[in-house]
Amino acid sequence: MNRRSFLLTATATLPLATGAWAVTEATPMIEVMKSPSCGCCAGWVNHLTTSGFRTEVRNVSDDQLWQMKSRLGITDALASCHTAMVAGYVIEGHVPAQDITRLLAERPGARGLSVPGMPIGSPGMEMGEDTDPFATLLIRADGTSEIFAHHG
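Residues numbered from 1 in each chain as written. Predicted model: local features only at pLDDT ≥ 70, side-chain atom pairs only at ≥ 80, totals over all residues. Heavy atoms only, no water.

Visitor: Is there a simple way to think about the pattern of salt bridges in this case?
Guide: Any two side chains of opposite charge can pair, so long as their charged atoms come close to each other. Tallying each qualifying case throughout the model produces three salt bridges. Ionic pairing is found between Glu92 and Lys69, a salt bridge with its closest N-O pair at 2.5 Å. Here Lys69 lies in helix α3 (residues 62-71) and Glu92 lies in strand β4 (residues 89-93), a separation of 23 residues in the sequence. Like Glu92, the residue Lys69 is buried in the burial classification. Across the pair Glu146 and Arg140 runs a salt bridge whose closest N-O atoms are separated by 2.6 Å. On the basis of relative accessibility, which here comes to 34%, the residue Glu146 falls in the partly exposed class. (Salt bridge = Lys/Arg side-chain N within 4 Å of Asp/Glu carboxyl O. Helix = DSSP H or I, 4+ residues; strand = E, 2+ residues; numbered from the N terminus. Buried < 20%, exposed > 50% of the residue type's maximum accessible area, 1.4 Å probe, protein only.)

This is the structure we're talking about:
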C-alpha cells in the first residue's frame, strides 16, 4: 500500500474509530443497486443516510441485479432484494448500519455482509412492533458464511 492509499484509508476510517459520524467527503459511499419498484430498499437506504452514510442508488432491472449478485458470489442462500458495495465489500440485503460500521472498522478478509431474505424488523422492513430475530452473516472470501451479529 502506498502512502496516499494509506492516508485515504486512514482518513476514511477515522469517523468509524472515533464514533464521530459527521458526513464528509471521507465518509464511505455505499453504492446501492435495487429494483426501481422496491419500497423496502428505499427504507434501507434511508436507514443508511440517517446513520451517517453517503449513498448512491442505481435502479436496475431484475436481470441486471441477479447477474451482479452472481458475479459477486451471492448465492441464493445469501440473497435478498438489493445489493450494495462499500469500500470493496458487498452488502446484501437489510444489513443494519451498525454492522457495516463494524465491518469497515475491523476490515476482515471477507467478501462482505448479508442479511438473507427480508426479515421483519430489519432496517427497511419495519412493521410496527413486529420483529423477527435475524442474523447478519459475514461472507468469507471462499463463499462460506458465519454469523457476524445477532439482532432481535
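Further notes follow.
Visitor: Teacher, can you tell me more about the side chain of Asp99 here?
Guide: The residue Asp99 is located in helix α4 (residues 97-106) in this model. No salt bridge forms around the buried Asp99; measuring N to O, its nearest opposite-charge neighbour Arg102 is 5.5 Å away. Those residues in contact with Asp99 that sit more than four places away from it in its chain are Leu113, Thr136, Phe148, Ala149 and His151. (Lys, Arg positive; Asp, Glu negative; His and termini not counted. Contact = heavy atoms within 4.5 Å.)

Visitor: Got a minute to help me understand helix α2 (residues 39-50) in this structure?
Guide: Because an α-helix packs 3.6 residues into every turn, residues spaced three or four apart end up facing the same way. Between its first and last C-alpha atoms α2 spans 17 Å; for 12 residues at 1.5 Å apiece the expected length is 16 Å, and the two agree. Where α2 is concerned, the buried positions are Cys40, Cys41, Trp44, Val45 and Leu48. Summarising the axial view, the buried residues of α2 lie within an arc of 145°, below the 170-degree limit, and thus occupy one face. Structural note: α2 exposes Gly39 and Thr50 on the side pointing more than 90 degrees away from its buried face. Tucked into the core, α2 has its buried residues touching β1 (29-34), β2 (54-59), β3 (83-86), β4 and α4. Just past α2, the residue Gly52 takes up positive phi, approximately 105°. (Expected span 1.5 Å × (residues − 1). Arc of directions from axis to C-beta.)

Visitor: Even after reading the chapter, I still don't get α4, so can you show me in this structure?
Guide: The set of residues buried in α4 consists of Ala97, Asp99, Ile100, Thr101, Leu103 and Leu104. Just beyond α4, the residue with positive phi is Arg107, at close to 50°.

Visitor: Please explain the environment of Ala77 as it appears in this structure.
Guide: With respect to the secondary-structure elements, Ala77 resides in the loop between α3 and β3. We classify Ala77 as exposed; its relative accessible area is 62%. For the pair Ala77 and Gly117, spaced 40 residues apart in the sequence, the C-alpha separation amounts to 8.4 Å.

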